[in-house]
Amino acid sequence: MLTVYRSNRAEWLARVLGEQLRLSPPDLFESVNVVVNTWPTSRWLGEQLALVNGISAQVRFPFPGNFLRDLVRILLGSEGDIKDPWRADRLVWPLIDLLPEFLELEESLTLKKWIDSQKQVASQLNQEQWKLARSIADAFDNYALYRPDYVQNWLEKRDEGRESSDKLPPSLCWQPALFRLLAKKINVEPFGLQVKEAISVIRNGLVPFELLPRQIRFFCISSLAPVQIELIQAISGVLDVQM
């Protein structure tokens, strides 16, 4: 069930949450998950809960990205605390390894011309090469979260048809080819595609309730990616979700 509490006063919402925890406290070893956007929000909210109840204990304040990725991991039955290799800070390193191989391919012509114009070719890794790889990693990280349909088309090579490839300007047509090389090297689906699988698990009634929290709360979340909203909508059909 999804319940939404609306107000333009954050302190009022904090008091509502505090009263809920006072009237229905967690079990002795149960953690309360309250998803927030920022670390300062978590500190302020913890103080507000303590003012209402005299104490704020067993409350966790995860960020949406990490929390929802952990939720998907549980739904798909992944073992251990696996870090998402498609996050930009991790993706940059396999990108650096792949770029020399990719630049030998015909699809890389536009990117190779740009690199040559910047005089970035060197036998050893330098700062400019790392900056280039990080820029690509940031873009691919955003694609995996905000454009999962594009990513799926790229992985299934549906971008190679005339109608599909026309959607990308010529200067960017190297991106699908490089993305496929990365996917082959990493061998882990991007987060957006994992969410679609997790939603199928929920709809098919295969939810591992014993591994999930009884309730999920989101406090003053100002924005979410569409795929994250789809996941929250789906999980609210089987868990108590409050915003």
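This text goes with the structure placed above it.
Residues numbered from 1 in each chain as written. Predicted model: local features only at pLDDT ≥ 70, side-chain atom pairs only at ≥ 80, totals over all residues. Heavy atoms only, no water.

K.L.:
Could you give an account of the sheet that holds strand E3 (residues 59–60), with specific residues and numbers?
P.N.:
An order of E1-E5-E4-E2-E3 is seen for the five strands of this open sheet, with the pairing classed as parallel. Of all the strands in the sheet, just strand E1 (2–3) and E3 have a single pairing partner and so form its edges. Bridge analysis of strand E2 (residues 32–35) against E3 gives two bridges, and the strand direction is parallel. Residue Asn 33 lies in a different strand from E3, and its bridge partner there is Arg 60. Sheet strands touched by helix H1 (residues 10–23): E2, E3, strand E4 (215–218) and strand E5 (240–242). Its angle to E4, the strand with the most contacts, is close to 160°. (Pairing = 2+ DSSP bridges. Helix = DSSP H or I, 4+ residues; strand = E, 2+ residues; numbered from the N terminus. Contact = heavy atoms within 4.5 Å. Axes fitted to C-alpha atoms, helices over the stretch in contact; angles between N-to-C directions.)

K.L.:
Which residues make up the packing of helix H6 (residues 127–146) against helix H9 (residues 174–186), and what values go with them?
P.N.:
Geometry of a packed helix pair, given as the angle between the helix axes and the separation of the axes. In the contact formed by H6 and H9, the axes pass within 12 Å of each other and the chain directions differ by 85°. Taken as axis vectors, H6 and H9 run roughly perpendicular relative to one another. On H9, the residues that touch Ile 136, Phe 140 and Tyr 143 of H6 are Trp 174, Gln 175, Leu 178, Phe 179 and Leu 182. Across the contact of H6 with H9, the residue classes break down as seven nonpolar, one polar and no charged. (Parallel < 35°, antiparallel > 145°, perpendicular 65-115°, else oblique. Nonpolar A, V, L, I, M, F, W, Y, C, P; charged D, E, K, R; others polar.)

K.L.:
Outline helix H3 (residues 64–75), supporting the account with residue identities and numerical values.
P.N.:
In a regular helix each residue adds 1.5 Å, so 12 residues correspond to 16 Å; H3 covers 16 Å between its end C-alpha atoms and thus fits that length. Of all 12 residues in H3, nine are buried; the element is thus mostly enclosed. Burial in H3 covers these residues: Pro 64, Gly 65, Phe 67, Leu 68, Arg 69, Leu 71, Val 72, Arg 73 and Leu 75. Close packing links the buried residues of H3 with E2, H6, helix H10 (191–203), E4 and helix H11 (226–235). Phi for Gly 77, located one or two positions after H3, is positive at around 75°. (Expected span 1.5 Å × (residues − 1). Buried < 20%, exposed > 50% of the residue type's maximum accessible area, 1.4 Å probe, protein only.)

K.L.:
Give me the pattern of salt bridges: which residues, what numbers.
P.N.:
All told, the structure shown has seven salt bridges when counted by the stated rule. The salt bridge partner of Arg 87 is Asp 141, with a shortest N-O separation of 3.9 Å. With Arg 87 in the loop between H3 and helix H4 (88–102) and Asp 141 in helix H6, this pair connects stretches of sequence that are 54 residues apart. The partly exposed category is assigned to Arg 87, whose relative accessible area is 25%. A relative accessible area of 14% places Asp 141 in the buried class. (Salt bridge = Lys/Arg side-chain N within 4 Å of Asp/Glu carboxyl O.)

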